[in-house]
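Architecture and fold: a report
What follows is each chain in one-letter form.
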Amino acid sequence: MATQHSQPADRLTMAPPAPEPASQPAAADHQSGTKHARTAARLMMAPAVILLLGWMLVPLTMTLYFSFKKFLPLRGGDLGWVGFDNYVRFVSSSAFWPSVQATLVIVGGVLAITVVLGVLLAILLNQPMWGRGVVRILVIAPFFVMPTVSALVWKNMFMDPVNGLLAHVWRAFGAEPLVWLTEASTQSIILIVSWQWLPFATLILLTAIQSLDSEQLEAAEMDGAPPVKRFAYITLPHLSRAITVVVLIQTIFLLSIFAEIFVTTQGAFGTKTLTYLIFQRVLESQNIGLGSAGGVYAIILANIVAIFLMRIVGKNLDA
Amino acid sequence: MGRITLDKVSKSFGDVQVIPPLDLTIDDGEFTVFVGPSGCGKSTLLRLIAGLEDVSSGQIRIDKQDATHVPPAKRGLAMVFQSYALYPHMSVRKNIAFPMKMAKVPVEEQNRRIEAAANALNLTDYLDRRPGQLSGGQRQRVAIGRAIVREPSAFLFDEPLSNLDAALRVGMRLEISELHERLETTMIYVTHDQVEAMTMADKIVVLQAGVIEQVGSPLELYHTPRNKFVAGFIGSPKMNFIEGKEAAKHGAHTIGIRPEHIEVSGEAGTWSGVVSVSEHLGSDTFFHVHGTGLAETITVRADGEVGFRHGDRIFMTPRADVIHKFDAEGLRIA
Ligand SMILES: Nc1ncnc2c1ncn2[C@@H]1O[C@H](COP(=O)(O)OP(=O)(O)O)[C@@H](O)[C@H]1O
Ligand SMILES: [Mg+2]
């Protein structure tokens, strides 16, 4: 994909343009000094790599360490090694499988909503229309709201069964207001999280759609493809890579959503995700060992999801 | 069939009128070239015919049918874009099949036409590749193949060769000309390169700022350009223009003389000057002559063997029968 298109000035560009390659002599220099340069580069990168590794390895090691211990800070502290007890207890708890299911449902739901709406919004925002600049900023705005704040706003201003905006809408149509967070708890969480992540998806997809060569669409138009087929055969394949990026990045973050659940349902009504379950084990039950074992399960789940995703969409990233 | 008529067609983008009302007829089977400098509205005119832009006023007729508001797909025209506009995620075969798939042509017929087009365009070995794996010339051929299989009533080309290197350009030029001989379908071809126009066209339409300056066969434009613009645009190297006393001798405001219509000699001639640059092409030599007192530079074409060099004083004699005369407005005097 090395085609170059003229970029209108009002484009939202994600990445800065690649730096121009250095002038000819400098490039030649670089060639002859490759080995030397590589060693120097490794040396210079080392501190960052070591820092990152430590950042990752220390908590991971500690989690593994605690997961094999009976560690109850308020009830005796470190009570010694227990082998795989914590692992067995965590999985055999009645809350485990429902929490895995809740995690997958929420992640899947948010992904589906943000990708579908993101594509539609991106197409809409790419149309020349009055006030496009302002609309774009408005669309991106939710991304800047902290998860805790947005969940609270949704809970109290929109979903409150007495004073919420949605309750008023329901009443205006003569319907009984929905007690969102109780009756449709999972859906509510999906709604709130989707609202937060839609801007991200839209933004990435918008930049992708802007790089679509308009002559391709015109060629398809002349070839007799009506708008829906132009979308299916030209626009959507063009977006496949961006959609993949959106799915992968969002999954990483969605597997660990916490604040939205904490300030709304507190894990009740089937919204207890794996992350939330671990939180409860560690902080509410004050059982560090059990929580750590849960953490290891969370890592395993994340990897299983990652493998599946790479199988399904990863090939879009090639070439 | 493929007779295209433009009747007082004009186009404005906002307040800017890119194409003032113009009339033009393109006959069935004709190879018509729109030529003009960059930004003169050639692409816009082609896109109006294709239906990719709406006309601001006027009427477009294709085969006597009013097509002004007919959508592009229904006009029966096929277009080859400057960027080729191939579908990057589809194989060559699927690219070529796409218009037929949209038109719901039966699969056997699709395959038959794909094979035929691939044969004609030397694409048989590449049918399963993606456009990204092809060279510029091959992509160009795929784009043409995609146009051919639709069996359109006319082909529209928008500067199809401008992304190719010089050698390939000459080859593709020939191929497109041969294609036209074979299919005998109307072709409209846009280019800013007068050599392409001269070599390929049955009929050349010279445009400047959206205005048709002249329509005619290549030799008509060469021999009897209607004004100074056409005279200067058609022919390479460019025609020499001389004003003042020398022009007055011929009863004109400006006279034009093509470089190939001037005789050079080392001894005697009507005009004289000093060679500033000599370009040796082997078959021909071009001399750029200064200090003639006629114009800043006079360009002369001589035989490849003529060996004057920088600084030599030479004498030049124009052929009297091919001097073009223009009035103060730049229009040709009979
Ligand atoms: N979509 C457009 N909006 C505004 N101006 C345009 C548009 N397309 C072309 N133009 C203008 O119309 C003129 C002719 O353009 P074009 O037909 O592309 O020229 P050519 O193909 O002869 O180089 C140019 O001045 C260009 O800036
Ligand atoms: Mg153009």
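Computed from a predicted structure; not experimentally measured. (Residues numbered from 1 in each chain as written. Chains lettered and ligands numbered in written order. Predicted model: local features only at pLDDT ≥ 70, side-chain atom pairs only at ≥ 80, totals over all residues. Heavy atoms only, no water.)

Attention now goes to the nonpolar core. In terms of nonpolar packing, the biggest core is built from 48 residues, with Phe 90, Leu 205 and Leu 254 of chain A touching the most fellow members. Secondary structure elements with two or more residues in this core: helix 3 (85–92), helix 4 (96–126), helix 9 (185–210), helix 11 (227–254), helix 13 (274–284) and helix 14 (288–313) of chain A. If you tally residues by element for this core, the top one is helix 9 of chain A, at 11 residues. Discounting chain neighbours no more than four positions away, the residues touching Leu 205 of chain A are Val 115, Gly 118, Val 119, Ala 122, Leu 239, Ala 242, Ile 243 and Val 246 of chain A. Counting 43 residues, the second largest nonpolar core, distinct from the first, contains Ala 147, Leu 164, Ala 201 and Ile 204 of chain B. (Core = buried A, V, L, I, M, F, W, Y, C linked by side-chain atoms within 4.5 Å. Buried < 20%, exposed > 50% of the residue type's maximum accessible area, 1.4 Å probe, protein only. Helix = DSSP H or I, 4+ residues; strand = E, 2+ residues; numbered from the N terminus. Contact = heavy atoms within 4.5 Å.)

This next bit is on helix 14 of chain A. The end-to-end C-alpha distance of helix 14 of chain A is 36 Å, a good match for the 38 Å that 26 residues give at a rise of 1.5 Å each. Capping the start of helix 14 of chain A, Asn 287 of chain A holds a side-chain oxygen 3.4 Å from the backbone nitrogen of Gly 289 of chain A, two or three residues further along. (Expected span 1.5 Å × (residues − 1). Polar contact = N/O pair within 3.5 Å; in protein donor to acceptor, adjacent residues only side chain to side chain.)

A few words now on a nonpolar patch on the surface. Residue and element names in this part refer to chain A. A surface patch of nonpolar side chains, amounting to about 680 Å² of accessible area, comprises Met 45, Val 49, Leu 53, Met 56, Leu 57, Leu 60, Leu 64 and Ile 299. Sort the elements by how many residues they give to the nonpolar patch and helix 2 (residues 34–67) lands first, with seven residues. Among the secondary structure elements, Val 49 is positioned in helix 2. (Patch = residues over 30% accessible without salt bridge, like charges linked within 9 Å, V, L, I, M, F, W, Y side chains within 5 Å. Areas by Shrake-Rupley, 256 points an atom, 1.4 Å probe, with all protein chains shown as cover. Salt bridge = Lys/Arg side-chain N within 4 Å of Asp/Glu carboxyl O.)

All names here are of chain B. Read from one edge to the other, the open sheet built from five strands follows the order 13-17-14-15-16, with strand pairing classed as antiparallel. Of all strands in the sheet, those bounded by a partner on one side alone are strand 13 (262–265) and strand 16 (298–303). Direction aside, neighbouring strands of the sheet carry axes that sit 45° apart on average. The pairing of strand 14 (residues 271–280) with strand 17 (residues 313–318) spans four bridges and is classified as antiparallel. Bridged to Gly 273 within strand 17 is Ile 314. (Pairing = 2+ DSSP bridges. Axes fitted to C-alpha atoms, helices over the stretch in contact; angles between N-to-C directions.)

It is worth spelling out the site of ligand 1 at this point. Residue and element names in this part refer to chain B. Taken together, Phe 13, Val 18, Ser 38, Gly 39, Cys 40, Gly 41, Lys 42, Ser 43 and Thr 44 form the complete shell of residues around ligand 1. Bound to the protein, ligand 1 loses 55% of the 560 Å² it would expose on its own. The element that contributes the greatest number of residues to the shell around ligand 1 is helix 1 (residues 42–50), accounting for three residues. Counted by class, the shell around ligand 1 contains three nonpolar, five polar and one charged residues. (Near = heavy atom within 4 Å. Nonpolar A, V, L, I, M, F, W, Y, C, P; charged D, E, K, R; others polar.)

Another aspect to go through is the pairing of strand 8 (residues 186–191) of chain B. Residues and elements named next belong to chain B. With respect to burial, strand 8 is a largely interior element, six of its six residues being buried. The two faces of strand 8 match: Thr 186, Ile 188 and Val 190 on one face and Met 187, Tyr 189 and Thr 191 on the other face are all buried. Alignment of strand 3 (residues 31–35) against strand 8, held across five bridges, turns out to be parallel. Paired with Phe 34 across the bridge in strand 8 is Val 190. As paired strands, strand 7 (residues 154–158) and strand 8 are joined by five bridges and run parallel to one another. Across the sheet, the residue bridging to Phe 155 is Met 187, located in strand 8. Taken together, strand 7, helix 5 (residues 166–183) and strand 8 form a β-α-β motif whose crossover is right-handed. (Right-handed = clockwise from strand over helix to strand, strands pointing away.)

Right, let's get into the pattern of salt bridges. Opposite charge on two side chains allows them to pair when their charged atoms are near. Summed over the entire model, instances satisfying the criterion amount to 20 salt bridges over all chains. With its nearest N and O atoms 2.7 Å apart, the salt bridge here joins Glu 218 of chain A to Arg 47 of chain B. Of this pair, Glu 218 of chain A sits in helix 10 (residues 214–222) while Arg 47 of chain B sits in helix 1, on two different chains. A relative accessible area of 15% means that Arg 47 of chain B is categorised as buried. For Glu 115 of chain B, the salt bridge identified is with Arg 93 of chain B, shortest N-O distance 3.7 Å.

Turning our eyes to something else, we now look at the sheet that holds strand 11 (residues 240–243) of chain B. All names here are of chain B. Taking strand neighbours across the sheet as the criterion, the three strands line up as 11-12-18 in an open arrangement whose pairing is antiparallel. Strand pairing shows two members of the sheet lacking a second neighbour, strand 11 and strand 18 (324–326), which therefore form its edges. Here the strands of the sheet are splayed against their neighbours by 25° on average, with no regard to which way each runs. By the bridge criterion, three bridges tie strand 12 (residues 254–257) to strand 18 in an arrangement that is antiparallel. Along strand 18, the bridge assignment pairs Gly 256 with His 324.

Once that is clear, we can look at the packing of helix 4 (residues 136–148) of chain B against helix 5 of chain B. Residues and elements named next belong to chain B. Running from N to C, helix 4 and helix 5 point in directions that differ by 15°, and their axes come no closer than 11 Å. Between helix 4 and helix 5, the angle is such that the two are roughly parallel. Helix-helix and strand crossings are classified by hand; for helix 4 and helix 5 the assignment is right-handed. Seen from helix 4, the contacting residues are Gly 137, Gln 140, Arg 141, Ile 144 and Ile 148; seen from helix 5, they are Leu 168, Met 172, Glu 175, Ile 176 and Leu 179. (Parallel < 35°, antiparallel > 145°, perpendicular 65-115°, else oblique. Left-handed = near helix turned anticlockwise from the far one by under 90°.)

Let us look at the packing of aromatic side chains. Any pair of aromatic rings gets described here by the distance separating the centres and the angle formed by the planes. Scanning the model with the defined rule gives 31 aromatic pairs over all chains in all. Ring centres of Tyr 65 of chain A and Phe 66 of chain A lie 5.3 Å apart, and the angle between their planes is 70°; this geometry places the pair in the edge-to-face category. On the basis of relative accessibility, which here comes to 37%, the residue Tyr 65 of chain A falls in the partly exposed class. Geometrically, the ring pair formed by Tyr 87 of chain A and Tyr 297 of chain A is edge-to-face, given 5.6 Å between the ring centres and 70° between the ring planes. Taken together, the positions of Tyr 87 of chain A in helix 3 and Tyr 297 of chain A in helix 14 put the pair 210 residues apart, joining distant regions of the chain. The burial state of Tyr 87 of chain A is the same as that of Tyr 297 of chain A; both residues are buried. Following the ring pairs from residue to residue traces out a cluster consisting of Phe 68, Phe 84, Tyr 87, Phe 90, Phe 96, Trp 97 and Tyr 297 of chain A. Above the ring of Tyr 222 of chain B, the side-chain terminus of Arg 258 of chain B is found at 4.2 Å from the ring centroid. (Phe/Tyr/Trp six-rings, centres within 6.5 Å; stacked < 30°, edge-to-face > 60°. Lys NZ or Arg CZ within 6 Å of the ring centre and 35° of its normal.)

Right, let's talk about helix 11 of chain A for a bit. Each α-helix turn comprises 3.6 residues. Residues three or four places apart therefore point the same way. Helix length check: helix 11 of chain A, at 28 residues, gives a terminal C-alpha distance of 34 Å against a target of 40 Å (1.5 Å per residue), a shortfall beyond 12%. Of all the bends found along helix 11 of chain A, the most pronounced is centred on Ser 240 of chain A and spans about 45°. (Bend = angle between axes of the 7 residues up to and from the residue.)

Bringing the UniProt feature "domain: ABC transporter" (unreviewed entry) in chain B into the picture now. With numbering matched to this structure, UniProt assigns "domain: ABC transporter" (unreviewed entry) to residues 4–234 of chain B. Helix and strand shares over residues 4–234 of chain B are 36% and 26% respectively, and the end C-alpha atoms of the span are 25 Å apart. (UniProt positions renumbered as here; feature names shortened; annotations may be inferred.)

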